[in-house]
Amino acid sequence: MKILVTGGAGYIGSHVVKALGEAGYEVLTYDNLSTGNKWSVLYGELIAADLSDKETLKKTIVRFKPDAIMHFAASIVVPESVRDPLKYYRNNTVNTLNLLDVMLEQGIGKFIFSSTAAVYGNAEKMPVGENAPISPVNPYGSSKMMAEKILRDRHLADNDFNYVSLRYFNVAGADAGCRIGQAYKAATHLITRALKTAKGEFQKLQVFGTDYPTTDGTCIRDYIHVDDIANAHILALKYLLDKGRSEAFNCGYGHGYSVREVIAAAKKVTGIDFEVEETGRREGDASILIADNTKIKRELGWQPKYDDLEYIIKTAWKWENNFHGKYS
Ligand code: UFG
C-alpha cells in the first residue's frame, strides 16, 4: 500500500510517517518545509514543494500512484489566524481544494484529513461529540470547517470518494526514541512554550487569561500524546481501505487540564520553577475543549496508550533537551 503524506515533515505528520513506515506502508512525503524539517522524515522519499504548485503535485501523484492520501500540511496557530486570516483560508482551505482537484483527476478516492477541535468553538456540552454544532471562534477553525464541508460535498457527489476527518484536540509530546518532536522556530503551543521557558529560551511564560468560566479561570484543553494520534491514523486508514465510509472522529482522551495545571505539571517534570506571568486573554481561544472519544473507540477500536500528562511532558522535555537545533 502506498500513502502520500502532505505535511509529513511537520510535527504530527512526521510521527504518522514513522508509524506508517513501521507498519510496512510505502510512504511519500510532500512538504514545502515552511515549518517542517527534512530530518524528521524517517521513512520514504521527500518532495519539497507547495500544494499551490499544482504541476508538481500532479507529477508527484502520477508517478507515485498512492492508494490513499493523508493531508497534514496546514497552518495551525490560532492567534496567527486571527491576525492573518487569508493565510489560513489559502493554506488550509484552498490548498485542500487543489489536492482534491488532482485526486479527482487521477481517480484517487481515499483521503484522511487533519481536522481540529477548533471547529466546535465554544460548544455548549463538554466533552463535545462529533454531532455537536460546528461553530468555530477563530479563522483557523473556520478554514478547517470549510475544508470539511468541501470533503462532505465531494463525497455526496461521488461515492467513490471517501474520507476520514480526524478532529485533533491538543497534540503534545514526542517520539519516545527522541528522533523527532515539535521543532518550530517560533513555538506558540503551551507545553512547548513552558518547556522552552524552563530551559531559559524565554524569560517567562505568559498565561493568556484568568477570567474564563472554568474551575481556576484559565482555559482547559484535552492534551493527547502525538503517538496516540499517529496510531489513530493507522486505524483510520485501515477502516477507510476496508469499509470506506466517510466519517469524522474526535481524537482526544476525554478529560482536560487547565493552563495552570499544565504549568504545575511542567514545573514538576522539569524540576524548574520558571517565571510565570498572568496576563489578558489571547484572541480566538475557546474556554474549554474536551473530546467525547466514544466514537473513535467504538468504530476504529482506538485505545489510548499514553493518557498521562506527566508522560506527555516528559517525552517533550527529553526532546527539547536532545534537539540539535537544526531547522531545514
Ligand atoms: N497558552 C498560554 N500561554 C502560552 C501558550 C498558550 O496561556 O504561552 C494557553 C492558550 O491561551 C490556550 C491554551 O494555553 O488557552 C492552549 O493553547 P495552545 O496554543 O497550546 O493550543 P490551542 O488550544 O490554541 O490550539 C491547539 C492547536 C490547534 C487545535 C487546538 C484544539 O494548535 O491546532 O489545539 O484544541 F485546534
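Residues numbered from 1 in each chain as written. Predicted model: local features only at pLDDT ≥ 70, side-chain atom pairs only at ≥ 80, totals over all residues. Heavy atoms only, no water.

Caption draft 1: Quick peek at the nonpolar core. Membership of the largest hydrophobic core comes to 61 residues, with the highest contact counts inside it found for Ile 12, Leu 20, Met 70, Leu 166 and Ile 191. It is helix 7 (residues 226–242) that contributes the most residues to this core, nine residues altogether. Setting aside its immediate chain neighbours within four residues, Ile 12 contacts Phe 72, Tyr 168, Val 171, Val 226 and Ile 229. Residues Ile 47, Ile 61, Leu 151 and Tyr 163 belong to the second largest nonpolar core, which totals 21 residues. (Core = buried A, V, L, I, M, F, W, Y, C linked by side-chain atoms within 4.5 Å. Buried < 20%, exposed > 50% of the residue type's maximum accessible area, 1.4 Å probe, protein only. Helix = DSSP H or I, 4+ residues; strand = E, 2+ residues; numbered from the N terminus. Contact = heavy atoms within 4.5 Å.)

Caption draft 2: Layout of the sheet that holds strand 11 (residues 247–251). Strand order in the open sheet formed by seven strands is 3-2-1-4-5-6-11, and the pairing between neighbours is parallel. Sheet topology places strand 3 (45–48) and strand 11 at the edges, where each strand pairs with a single neighbour. Within this sheet the neighbouring strands show an average axis-to-axis angle of 20°, counted without direction. Both strand 4 (residues 68–71) and strand 5 (residues 110–116) contribute to a ladder of three bridges, which runs parallel. Note on strand 5: the bridge partner recorded for Ile 69 is Phe 111. Those strands touched by helix 1 (residues 11–22) are strand 1 (2–6), strand 2 (26–31), strand 4 and strand 6 (162–168), and its axis lies near 165° from that of strand 2. In this fold helix 2 (residues 54–64) packs onto strand 1, strand 2, strand 3 and strand 4, with an angle of close to 175° to the strand it touches most, strand 2. (Pairing = 2+ DSSP bridges. Axes fitted to C-alpha atoms, helices over the stretch in contact; angles between N-to-C directions.)

Caption draft 3: Quick look at helix 8 (residues 259–270). The first and last C-alpha atoms of helix 8 sit 16 Å apart over 12 residues, in line with the 16 Å expected at 1.5 Å per residue. Taken as a whole, helix 8 has its buried residues at Val 259, Val 262, Ile 263, Ala 265, Ala 266, Val 269 and Thr 270. Along the axis of helix 8, the buried positions cluster into a sector of 165°, meaning they face one direction only. Contact partners of the buried residues in helix 8: helix 6 (190–199), strand 8 (205–208), strand 10 (223–225), strand 12 (257–258), strand 13 (276–279) and helix 10 (309–322). (Expected span 1.5 Å × (residues − 1). Arc of directions from axis to C-beta.)

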